[in-house]
Amino acid sequence: MPLIGVVALQGAAAEHVAAFRRVGARAVEVRTPADLDGVDAVALPGGESTTMSHLLGTSGLFNALSQRLANGMPAFGTCAGMILLAAEVLDGRGDQRCFGAIDISVRRNAFGRQVASFEADLATEGLDEPFHAVFIRAPWVERTGDGVEVLAEIRPAVNSSGIGNPALVPVLCRSGSILVSSFHPELTADDRIHRIFLDMVGASTDH
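How each quantity is defined
Residues numbered from 1 in each chain as written. Predicted model: local features only at pLDDT ≥ 70, side-chain atom pairs only at ≥ 80, totals over all residues. Heavy atoms only, no water. Pairing = 2+ DSSP bridges. Helix = DSSP H or I, 4+ residues; strand = E, 2+ residues; numbered from the N terminus. Axes fitted to C-alpha atoms, helices over the stretch in contact; angles between N-to-C directions. Contact = heavy atoms within 4.5 Å. Core = buried A, V, L, I, M, F, W, Y, C linked by side-chain atoms within 4.5 Å. Buried < 20%, exposed > 50% of the residue type's maximum accessible area, 1.4 Å probe, protein only. Arc of directions from axis to C-beta. 1 Å grid on protein atoms, 1.4 Å probe; cavity = no way out; pocket = protein on both sides within 12 Å on 5 of 7 lines; lining within 4 Å. Points joined across faces, edges and corners; volume = space filled by probe spheres on them.

### Some remarks on the sheet that holds strand 10 (residues 149–154)
Next, step 1: Pairing within the open sheet is mixed, and its seven strands lie in the order 2-1-3-4-12-11-10. Looking at the sheet topology across the chains shown, the edges are occupied by strand 2 (26–30) and strand 10. Each neighbouring strand pair of the sheet contributes to a mean axis angle of 20°, computed without reference to strand direction.
Next, step 2: Relative to strand 4 (residues 75–78), strand 3 (residues 41–44) runs parallel, the two sharing three bridges. Counted as the bridge partner of Leu44 is Gly77 from strand 4.

Here it is in structure tokens:
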């Protein structure tokens, strides 16, 4: 079975490790460049994206992980992890670095602050039943590039300017071997999103 490295500098790393082990993968926490040795894929958990970006730099992981991603290593980013994997952060700090692993533009805290956290049932491509998703200070996707597949969308109560917005926004996207979600599948007992990623890892290693 593949070995999944979960970046464990900040955020819900332990929950990702547990989820991957439940679906039959091996999983380890990653804190240094040496921890990437032998890892077949990586997960970047939810947390605080600017803090994670800083810690990735000071630990030396940013450059090491960037190289592995450029060489085609599969990656799964949830919430802050989605922001880090995106090509563009529309309201990020000037010193915030991203990997540009998937051609999307995201907006941080788009659904609101911590008090605006919520849960919702999402119709999800590839799943027979809706996925009960947990959104905590979540980003959303405002632009998807060519080759990006939207697997789930939601209709937010307000847009990023606080104005009522009837438009659907993507919250689960896939491109090649990269999977990203606005929500936190690692905080539920439903492991189907992790299984989707595990299938993507298997497909990438078969080629």
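### Digging into the sheet that holds strand 6 (residues 102–107)
Next, step 1: The strand order across the open sheet built from three strands is 5-6-9, with neighbouring strands paired in mixed fashion. Two strands bound the open sheet, and with one partner strand each, they are strand 5 (86–89) and strand 9 (140–144). Across this sheet, the average inter-strand angle for adjacent strands is 35°, counted without regard to direction.

### Considerations on the environment of Val23
Next, step 1: By the element assignment, Val23 lies in the loop between helix 1 (13–22) and strand 2.
Next, step 2: Dropping the residues within four chain positions of it, Val23 is found in contact with Asp191, Arg195 and Leu198.

### Concerning the nonpolar core
Next, step 1: Phe20, Phe135, Val171, Leu179, Phe183, Ile193 and Phe197 are the most contacted members of the largest nonpolar core, which has 36 residues in total.
Next, step 2: Contributing elements (two or more residues each) for this core: strand 1 (3–7), helix 1, strand 3, strand 7 (118–122), strand 8 (131–135), strand 10, strand 11 (169–175) and helix 5 (192–206).
Next, step 3: A per-element tally of this core places helix 5 first, with six residues.
Next, step 4: Sequence-distant contacts of Phe197, that is, excluding residues within four places in its chain, are made with Ile4, Phe20, Ala41, Val42, Pro74, Ala75, Phe76, Ser177 and Leu179.
Next, step 5: Residues Leu56, Leu61, Ala75 and Ile104 belong to the second largest nonpolar core, which totals 31 residues.

### Quick word on the pairing of strand 2
Next, step 1: Bridge count between strand 1 and strand 2: five bridges; the pairing is parallel. When the bridges of strand 2 are listed, Val6 appears paired with Glu29.

### Quick look at the environment of Met82
Next, step 1: Among the structural elements, Met82 can be located in helix 4 (residues 80–85).
Next, step 2: For Met82, a relative accessible area of 0% puts it in the buried group.
Next, step 3: Expressed as a C-alpha distance, the spacing of Met82 and Ala157, which sit 75 residues apart in the sequence, is 21 Å.

### Focus on helix 1
Next, step 1: When helix 1 is considered as a whole, its buried residues turn out to be Ala13, His16, Val17, Ala19 and Phe20. All buried residues of helix 1 fall inside an arc of 165° around its axis, so they share one side.
Next, step 2: Gly24 sits one or two residues past helix 1 and shows a positive phi near 100°.

### Brief notes about the layout of surface pockets
Space left empty within the atom packing is revealed by a probe, the size of a water molecule, rolled over the atoms.
Next, step 1: Considering only enclosed or pocket space, the largest pocket measures out at about 200 Å³ in volume.
Next, step 2: Along the wall of the largest pocket there are 17 residues; nearest its centre are Gly47, Glu48, Cys79, Ile136 and Arg137.

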